[in-house]
Amino acid sequence: MSSTPDLRQRLADALAHAVAAAGLEAGGATPVLERPRQAGHGDFACNIALVLAKPLKRNPRELAQALVDALAAPGLVARAEVAGPGFINLFVDAAARNGVVHAVLSAGRAFGRSQAGQGRKVQVEFVSANPTGPLHVGHGRGAAVGDCLCRLLEATGWAVTREFYYNDAGAQIDNLTLSVQARARGLGPDHASWPADGYRGDYIVEVARAYMAREKVDAEDQHVVGAGDPDDAEAVRHFAVAWLRHEQDLDLKAFGVRFDVFSLESALYADGSVERTVQALVDSGHTFEEDGALWLRTTSFGDDKDRVMRKREGGYTYFVPDVAYHAAKWHRGFERVINEQGADHHSTITRVRAGLQALGIGIPTGWPDYVLHQMVTVMRGGEEVKISKRAGSYVTLRDLIDEVGADATRYFLAARRADSQLVFDIDLARAQTNDNPVYYIQYAHARICSVLEQWGGDAAALAQAGLAPLASEHERAVINRLEAFPQMVADAAADLAPHSVAFYLKDLAADFHSWYNASQFLVDDAALRTARLALAAATRQVIANGLALLGVSAPERM
């Protein structure tokens with residue numbers, strides 16, 4: 001009996017051999033297998049006959065029948081049949097299908113992992129919030145999606161570097177400095193001297209108090225002590241940025257998100273990277289002067305209009321340091337870079353890519369990749385929640401973690417396609433009912449733990465269990481779902497789609513709960529009992545593996 005997890009590939013190979021045995025010219029077409037929506041239509045369906053029919057000028061049903069007649073896969077395919085306009089439905093031999101249970105129990109945490117990335121370097125930049133305030137729920141979505149992307153890429157063999165880029169220069173940092181200075185002088189937002197674009201949240205009071213108290217802040221790569229002088233703008237700026245970086249880092253750690261590298265926009269100016277990049281663009285011949293400003297001819301690289309680099313009044317536009325930063329990523333040896341950002345960054349993609357192409361340093365077209373997430377609407381009691389007392393104008397990531405916990409927050413923020421708007425229902429996220437998907441999934445894991453605890457036997461011995469008694473419709477559904485896990489992981493990583501993991505886990509939990517409600521596990525029949533416990537243990541393992549990809553815990557009791 002096979003226990004290998006590559007059942008799809010073995011079936012595809014068998015069909016490819018059938019194509020050759022039938023004397024057909026495939027023309028490079030390879031069989032692709034999909035799961036039928038209805039269990040009665042087999043374990044897998046293949047449309048290879050439909051693909052070949054047009055170039056071979058043959059009737060697709062006749063081609064499908066020829067392939068079925070030529071299919072020789074004893075011990076793998078129990079039967080094959082032609083359906084519809086020319087689909088081939090495959091019913092897998094029970095022993096081959098059940099082999100995935102042993103594969104899961106043997107591989108354990110490694111089940112579903114692969115080496116598709118072959119150890120190649122990829123950098124994923126995500127969150128990258130301006131250090132001007134607490135992380136809001138949009139940053140939280142970026143953190144959840146970005147971290148899941150990293151976990152998926154690692155699971156498929158990529159060498160991942162997680163990076164956070166701080167925009168710690170520019171007008172927003174100036175406004176932060178002025179706001180802290182005003183609070184340090186005892187002024188509030190209602191005072192006539194309050195800066196026009198100042199930050200009004202209570203956290204500014206906290207920063208000012210800590211600065212005036214000469215507190216020390218440890219923020220990753222720097223250690224800053226408040227000077228206690230509200231007139232020293234540079235000291236206020238340095239302290240406020242460090243204080244907020246530290247606060248953001250605490251929130252991310254509470255969220256289970258870590259970073260390998262922290263990069264600063266200010267460092268790109270300090271080390272001359274921005275000036276060198278601008279000079280390289282000028283030397284490339286893709287810039288021009290007009291109306292006292294320096295422009296980059298981005299229309300040469302697909303943009304709808306050319307872009308200003310250096311403004312007439314002096315200073316660079318915001319995309320210039322972005323080009324310098326990404327050029328540095330290339331020089332650091334990242335053949336692949338993925339930026340997970342909010343949808344408001346959409347307009348920067350073309351101009352950053354254009355700037356990188358204009359440098360002429362070998363960066364491929366379309367580099368880097370982008371995953372853009374849409375906004376999040378937070379609801380409670382059927383009404384939108386718009387503000388946090390501490391932040392003053394928005395819901396913070398910490399608000400959600402405190403309300404519903406890190407697990408539910410991570411799941412809900414990653415469970416929809418990043419490019420779709422998301423409604424975060426606090427009441428649903430807190431509910432301990434089957435309507436709450438994260439509870440529903442975690443409960444399946446806890447249920448299996450409870451069954452195995454009641455059994456009290458040696459779980460390791462289940463890897464050698466005989467699986468022939470697994471014959472019910474519910475058991476077949478669970479087994480088929482387990483078999484799909486490695487391909488789902490590979491596809492989710494390739495498509496940069498962590499929401500696929502959430503969808504899969506919800507379906508697997510539904511399959512398990514249906515089986516649990518329809519069956520008994522601790523039956524008197526020893527062979528049946530052991531087989532069902534083995535399948536349950538395999539299901540528990542795959543749920544745990546999937547939850548780990550989302551950064552969500554797999555509790556043993558609930």
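Residues numbered from 1 in each chain as written. Predicted model: local features only at pLDDT ≥ 70, side-chain atom pairs only at ≥ 80, totals over all residues. Heavy atoms only, no water.

1. Remarks on helix 2 (residues 48-56)
Considered for burial, the residues of helix 2 that qualify are Ile48, Ala49, Leu52 and Ala53. Across the axial projection of helix 2, the buried residues extend over an arc of 135 degrees, all falling on one side. Every exposed residue of helix 2 that faces more than 90 degrees away from the buried side is listed here: Lys54 and Pro55. Taken together, the buried residues of helix 2 touch helix 1 (7-21), strand 2 (44-46), helix 3 (60-70) and strand 4 (87-92). (Buried < 20%, exposed > 50% of the residue type's maximum accessible area, 1.4 Å probe, protein only. Helix = DSSP H or I, 4+ residues; strand = E, 2+ residues; numbered from the N terminus. Arc of directions from axis to C-beta. Contact = heavy atoms within 4.5 Å.)

2. Some thoughts on the environment of His474
Inspection of the secondary structure puts His474 in helix 17 (residues 473-483). Since its relative accessible area comes to 31%, His474 is described here as partly exposed. For His474 and His513, which are 39 residues apart along the polypeptide, the C-alpha to C-alpha distance reads 9.6 Å.

3. Here's the deal with the pairing of strand 8 (residues 222-225)
Along strand 8, the buried face is formed by Gln222 and Val224; none of His223 and Val225, which line the opposite face, is buried. Summarising the sheet, strand 7 (residues 216-219) and strand 8 pair through four bridges and their orientation is antiparallel. Its bridge partner being in strand 8, Val217 is matched across the sheet by Val224. The hairpin formed by strand 7 and strand 8 contains two residues between the paired strands, and Glu220 there has a positive phi angle of roughly 50 degrees. (Pairing = 2+ DSSP bridges.)

4. Focus on the sheet that holds strand 1 (residues 33-34)
The strand order across the open sheet built from four strands is 1-2-4-3, with neighbouring strands paired in antiparallel fashion. Single-partner strands in this sheet number two, and they are strand 1 and strand 3 (77-83).

5. What to know about the pattern of salt bridges
One pass over the structure, following the stated rule, counts 35 salt bridges. Its salt-bridge partner being Asp147, residue Arg410 comes within 2.5 Å of it at the nearest N-O pair. With a gap of 263 residues between them, Arg410 in helix 14 (residues 406-414) and Asp147 in helix 5 (residues 137-155) connect regions that are remote in the sequence. We classify Arg410 as buried; its relative accessible area is 1%. Taken together, the salt bridges that share partners define one network made up of Asp147, Arg151, Glu154, Arg162, Arg258, Asp260 and Arg410. (Salt bridge = Lys/Arg side-chain N within 4 Å of Asp/Glu carboxyl O.)

6. Regarding the side chain of Ser263
Looking at where Ser263 falls in the secondary structure, it is placed in strand 9 (residues 261-264). Residue Ser263 is classed as buried on the basis of its relative accessible area, which comes to 14%. Non-local contacts of Ser263, meaning those with residues more than four positions away in its chain, are made with Glu163, Phe164, Tyr165, Tyr166, Tyr325 and Arg332.

7. Quick word on the pairing of strand 15 (residues 376-380)
By the bridge criterion, four bridges tie strand 15 to strand 17 (residues 422-425) in an arrangement that is parallel. Among the inter-strand pairings, Met379 is bridged to a residue of strand 17, identified as Asp425. Relative to strand 16 (residues 383-385), strand 15 runs antiparallel, the two being bridged by three bridges. Looking at strand 16, one finds that Val378 is bridged to Val385. Counting the residues between successive antiparallel strands, the hairpin from strand 15 to strand 16 contains two residues, one of them, Gly381, with a positive phi of roughly 60 degrees.

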